[in-house]
Amino acid sequence: MFTLAEVASLNDIQPTYRILKPWWDVFMDYLAVVMLMVAIFAGTMQLTKDQVVCLPVLQSTVNSKAQPSTSGKADFTTVETTTGQGEASSMRTVSFGSAPTVTPDIPLSRATSSQYQPTESGQELKKEQKDSSGRKTNLDFQQYVFINQMCYHLALPWYSKYFPYLVLIHTIILIVSSNFWFKYPKTCSKIEHFVSILGKCFESPWTTKALSETACEDSEENKQRLTGAQSLPKYVSTSSDEGSPSASTPMITKSGFKFSADKPMIEVPSVTILDKKDGEQAKALFEKVRKFRAHVEDSDLIYKLYVGQTVIKTVKFIFILCYTANFVNTISFEHICNPKVEHLIGYTQFECTHNMAYMLKKLLISYISLICVYGFICLYTLFWLFRIPLKEYSFEKVREESSFSDIPDVKNDFAFLLHMVDQYDQLYSKRFGVFLSEVSENKLREISLNHEWTFEKLRQHVSRNAQDKQELHLFMLSGVPDAVFDLTDLDVLKLELIPEAKIPAKISQMTNLQELHLCHCPAKVEQTAFSFLRDHLRCLYVKFTDVAEIPAWVYLLKNLRELYLIGNLNSENNKMIGLESLRELRHLKILHVKSNLTKIPPNITDVAPHLTKLVIHNDGTKLVVLNSLKKMTNVAELELQNCELERIPHAIFSLSNLQELDLKSNSIRTIEEIISFQHLKRLTCLKLWHNKIVNIPSSITHIKNLESLYLSNNKLESLPAAVFSLQKLRCLDVSYNSIALIPVEIGLLQNLQHFHITGNKVDILPKQLFKCVKLRTLSLGQNCITSIPDKVSQLLQLTHLELKGNCLDRLPATLGQCQLLRKSGLVVEDHLFDALPSEVKEVLNQDTSIPFANGI
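Residues numbered from 1 in each chain as written. Predicted model: local features only at pLDDT ≥ 70, side-chain atom pairs only at ≥ 80, totals over all residues. Heavy atoms only, no water.

Where an unreviewed UniProt entry is consulted, the protein chain appears under the name Leucine rich repeat containing 8 VRAC subunit D, with the organism given as Athene cunicularia. On record in UniProt, under Sequence similarities (unreviewed entry), the comment for the protein chain is "Belongs to the LRRC8 family." (UniProt positions renumbered as here; feature names shortened; annotations may be inferred.)

Here you go:
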């Protein structure tokens, strides 16, 4: 038999789950416990006291001829039958009055005694018969026990015997049905997670702070708190007056306590200050709520399971009520039993009494009453389930009572769980809604961010860049700290991977700010901040994934000088920029586009009249349409890198003001069109490096003003004499080709200052090379050179000499006569340097300032 504790454990749920138990579930749980007690009580009584007592029904007939004895005594007639063995028969006839009955199994001695001693005991028999009452059945104890057990199973209705067990089984089924959604694996994990998050949200200090600043801001208690705060030292500000954002700007301007970044803070009540630990826990809660919502809103399994178990309980109630009501009248105290054991007992019919009948009937009526109440509650539950759409939940009331108007409505299992919680306490869902609001999350991030990034900490992260400007780089923060805008001497501000960046009006304090980087950071600006950036910003870097991420205000910065766009700008999305978008950039001089273009966007021509430098870096996508270049007559520098160009585009030859052309990392094989460059009178720098050029045409001599020629990383095998007719050439780079010989005509380049021929097959250096006395850089590494002529001493202006990777066995001692050459500018193997004379090494190890002074 089950103990009460063991059975009751089936109805046991975790205490935290009670917030999902509405009043009807709680009431049904108590009813189930009462029904369980009824079952256990009835079962205990049945096992200990339940019994049936039976007596035979004596068959009698009225004998009209028999006369009663005058003495009033019954006449006894005994008929004895003997067998052949001389033993007494086991049957004798006993007559009670005039009704004879057959009573078996009367011992012979007793019959004999009554036959042969009538005289001696006559008086005693008459006295005994006079004192006894009722009728004799002549059944012994074992026969009574036997017939009682037979009639218990035959005479009693089955419901009287199994009532406690049926009640127990039904009650267990109802208990399991009530709590099955807490136990089913696919729902219990969601419920457990929901209850855990809900409890943390309810107890979070951020919830208290967020609600107290909205729901209680007009209460007298809050006014007194603010009054008390004003009496404190002015380390805490109670307003945010640094800017006046416009209505169109999506900024949070909720008034409330605000911390100064460059002033110490004091302890104030916890309703206004959120310590770092609480802030981190609240941010983790926002993330958990977001993931839980995405997980639970996808299905309605919990709702369906709850509806299913409620339907099962209702059907169970109807079933129990229908068959149980029919058995109420079958439970009675008296029963007639016909066991058909006449050959054993001698009687055919017995009248029995059931001592537990009255108690069982009362318990059954009580059980039916409990079931009726239970059933009506089930019906009410079904009414509640289908009266309103429980798979939708609206936070409209919470939005009206608080400033968090962006709390979204939820659906499916998430909505159903919140409806269930509302039946327990509506304050839970109200506090939970705080963690569904993006406004609330952004406000928390802002507070936590300002606590962490103080003015002093930001000052430590300021550095000097290559241009000797003060630069601050902020990476992967939740927002832009307020203290950033107190760094008034900052020149460059880099914001990277800050999705919720907001630029307030305080940026107007940063009068030195001229360069801004937005790397995957679609920053929003207030109206006052935009006015400042429009008038003062000179250089802007925008790195994005899609062109739609570029902030709209970027195209309105009329004083912008340099714009760098890095991201996806394919032909399908070019139209998103719009022809009118760049027209406001009236002072734009440099436009740098690093993308995957197939054609030059037409809207770039909007800035053609004043654009002086255009850079297009493709990711390997073939640039096909370049007709727009013809309109950029004022462009002085043009870079088309990694655009899969196979020839020099003809549109370039129309750029009469072009001074520098860079076609790096393309697929150019021939440059026969180079003769057309003779029309570009101002072209001084030509970069054709990292291509597949095999030879240089002699027509290159027509580019008279060429000063720099870059042909490295091609497939050149020789240098034509025409190259050395470019008298103005100051830089020649033919590194990493297959050149085996340096022509002697190189001596004609008297203005040559930088010569790079690293990574070729040169084995001999012509003496004419050292007639280029203006050489400052000479890169001869990774060749097959076996010796360096002593005439290297003629290169008095040489500052960089690369010889590493050759077949040298020594260095000339005349290197010491290269006045500007120092060890830092000499790239050579260590053993070759160590083999130099000590006085030469001493000269090369001198401080660079001494030779410079002498040279001057």
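Engineer: Sorry if this is basic, but what is going on with the overall build of the protein chain here?
Structural biologist: Within the protein chain, the regular secondary structure consists of 23 helices and 28 strands. A buried classification covers 47% of the 856 residues belonging to the protein chain. Taking all contacts inside the protein chain whose residues are at least 6 apart in sequence as the whole, residues at least 24 apart take part in 55%. With the model as given, the accessible surface of the protein chain reaches about 43300 Å², and the carbon-plus-sulfur share is 53%. (Helix = DSSP H or I, 4+ residues; strand = E, 2+ residues; numbered from the N terminus. Buried < 20%, exposed > 50% of the residue type's maximum accessible area, 1.4 Å probe, protein only. Contact = heavy atoms within 4.5 Å. Areas by Shrake-Rupley, 256 points an atom, 1.4 Å probe, with all protein chains shown as cover.)

Engineer: Would you mind showing me how to read the packing of helix α6 (residues 158–183) against helix α7 (residues 185–203) here?
Structural biologist: Packed helices, taken two at a time, are described by their axes: the angle between them and the distance between them. Relative to each other, α6 and α7 sit at 70°, their axes nearing to 6 Å. It follows that α6 is roughly perpendicular to α7 by the angle criterion. Together, Trp 181, Phe 182 and Lys 183 of α6 and Pro 185, Thr 187, Cys 188 and Ile 191 of α7 make up the contact between the two elements. Within the contact of α6 with α7, the residues separate by chemical class into 5 nonpolar, 1 polar and 1 charged. (Axes fitted to C-alpha atoms, helices over the stretch in contact; angles between N-to-C directions. Parallel < 35°, antiparallel > 145°, perpendicular 65-115°, else oblique. Nonpolar A, V, L, I, M, F, W, Y, C, P; charged D, E, K, R; others polar.)

Engineer: So what exactly am I meant to see when it comes to the state of the cysteines here?
Structural biologist: Structurally, a disulfide amounts to a covalent bond that connects the sulfur atoms of two cysteines. The final tally for this structure, using the stated rule, is 2 disulfides. Here Cys 151 pairs with Cys 337 through a disulfide, and the sulfurs are 2.2 Å apart. Judged by the torsion about the S-S bond (-90°), the Cys 151/Cys 337 disulfide is left-handed. Of this pair, Cys 151 sits in helix α5 (residues 141–154) while Cys 337 sits in strand β6 (residues 334–337), and the two are 186 residues apart along the sequence. Both residues of the pair, Cys 151 and Cys 337, count as buried. Once the bonded cysteines of the protein chain are numbered in order along the sequence, the disulfide links fall as 1-4, 2-3. No disulfide involves Cys 685; its sulfur sits 7.7 Å from the nearest other cysteine sulfur, which is in Cys 731. Look at Cys 685 and you get buried, because its relative accessible area is 9%. (Disulfide = S-S within 2.5 Å.)

Engineer: Can you help me understand the pairing of strand β20 (residues 637–641) in this one?
Structural biologist: A regular strand places its side chains on the two faces of the sheet in alternate fashion. Along β20, 4 of the 5 residues are buried, which leaves the element largely enclosed by surrounding structure. Judged from the 5 bridges that link them, strand β19 (residues 613–618) and β20 form a sheet pairing that is parallel. The residue of β20 that forms the bridge with Leu 614 is Leu 638. When β20 meets strand β21 (residues 660–662), the two strands line up parallel, connected through 3 bridges. Residue pairing across strands places Glu 639 opposite Asp 662, the latter belonging to β21. (Pairing = 2+ DSSP bridges.)

Engineer: What should I look at first to understand the packing of aromatic side chains in this one?
Structural biologist: By convention here, two paired aromatic rings are described through the distance between centres and the angle between planes. Counted under the stated rule, the structure contains 28 aromatic pairs. Pairing Phe 414 with Phe 432 gives two aromatic rings, centres 5.5 Å apart and planes at 85°, and the pair type is edge-to-face. Separated by 18 residues along the polypeptide, Phe 414 in helix α15 (residues 412–424) and Phe 432 in helix α16 (residues 426–434) bring together distant segments of the chain. According to the relative accessible area criterion, Phe 432 is buried, its value standing at 0%. When the ring of Tyr 541 is compared with that of Tyr 564, the centres are 4.0 Å apart and the planes differ by 5°; the resulting orientation is stacked. Residue Tyr 541 is located in strand β16 (residues 539–546), and its partner Tyr 564 is located in strand β17 (residues 562–568); the two are separated by 23 residues in the primary sequence. The structure contains a cluster of three or more aromatic residues connected by ring pairs, namely Trp 158, Tyr 159, Phe 163, Phe 319, Tyr 323 and Tyr 367. Cation over ring: Lys 457 sits above Trp 453, and NZ or CZ is 4.2 Å from the ring centre. The ring of Tyr 710 is capped by Lys 687, whose NZ or CZ atom sits 5.2 Å from the centre of that ring. (Phe/Tyr/Trp six-rings, centres within 6.5 Å; stacked < 30°, edge-to-face > 60°. Lys NZ or Arg CZ within 6 Å of the ring centre and 35° of its normal.)

Engineer: Is there a simple way to think about the UniProt feature "transmembrane region" (unreviewed entry) in the protein chain in this case?
Structural biologist: Here the UniProt-annotated "transmembrane region" (unreviewed entry) positions come out as residues 27–47, 162–182 and 364–386. For residues 162–182, the end-to-end C-alpha separation is 31 Å, with 100% helix and 0% strand making up the annotated structure. Spanning residues 364–386, this segment combines 100% helix with 0% strand, and its end C-alpha atoms are found 33 Å apart.

Engineer: Got a minute to help me understand unusual backbone geometry in this structure?
Structural biologist: Glycine aside, negative phi is the norm for most residues, and most peptide bonds take the trans geometry. The phi dihedral of Met 476 falls on the positive side, at around 55°, and the residue is not glycine. Of the residues examined, Met 476 reaches a relative accessible area of 55% and is grouped as exposed. A positive phi angle, close to 50°, is found at His 520, a residue other than glycine. Tracing the backbone through its elements, the reader meets His 520 in the loop between β14 (515–519) and β15 (524–525). Under the relative-accessibility criterion, His 520 is labelled partly exposed at 27%.

Engineer: Just to check I follow, could you spell out the sheet that holds strand β1 (residues 52–56) for this structure?
Structural biologist: Sheet strands line up and pair through hydrogen bonds in the backbone, either parallel or antiparallel. One open sheet holds the 3 strands; their spatial order is β1-β7-β6, and the pairing between them is antiparallel. Of all strands in the sheet, those with a lone pairing partner are β1 and β6, marking the two edges. On average, adjacent strands in this sheet sit at an angle of 25° to one another, irrespective of strand direction. Against the sheet, α5 engages β1, β6 and β7 (350–354), with an angle of about 115° to β1.

Engineer: I'm lost on the packing of helix α10 (residues 276–296) against α15 in this one. Help?
Structural biologist: Axis separation between α10 and α15 bottoms out at 6 Å; the angle between their running directions is 110°. Between α10 and α15, the crossing angle belongs to the class labelled roughly perpendicular. Facing Phe 292, Arg 293 and Val 296 of α10, the residues of α15 in contact are Asn 412, Asp 413, Phe 414 and Leu 417. By residue class, the composition of the contact of α10 with α15 is 4 nonpolar, 1 polar and 2 charged.

Engineer: Just to check I follow, could you spell out the confidence of the model for the protein chain for this structure?
Structural biologist: Any region with low pLDDT has predicted coordinates that should not be read closely. Averaged over the protein chain, the pLDDT score is 79; the fraction of residues at 70 or greater is 79%. Predicted confidence is poor over residues 849–856, with pLDDT under 50, and the contacts of this stretch with residues over four places away or in other chains come to 5 contacts. (pLDDT = per-residue confidence, 0-100.)

Engineer: How do you make sense of a nonpolar patch on the surface when you look at a structure like this?
Structural biologist: The grouping of Trp 23, Val 26, Phe 27, Tyr 30, Val 373, Tyr 380 and Phe 383 at the surface amounts to a nonpolar patch, some 690 Å² of accessible area in total. The set of elements that each furnish at least two residues to the nonpolar patch consists of α2 (23–49) and α13 (357–387). Following the sequence through the fold, Tyr 380 ends up in helix α13. Of the residues examined, Tyr 380 reaches a relative accessible area of 35% and is grouped as partly exposed. (Patch = residues over 30% accessible without salt bridge, like charges linked within 9 Å, V, L, I, M, F, W, Y side chains within 5 Å. Salt bridge = Lys/Arg side-chain N within 4 Å of Asp/Glu carboxyl O.)

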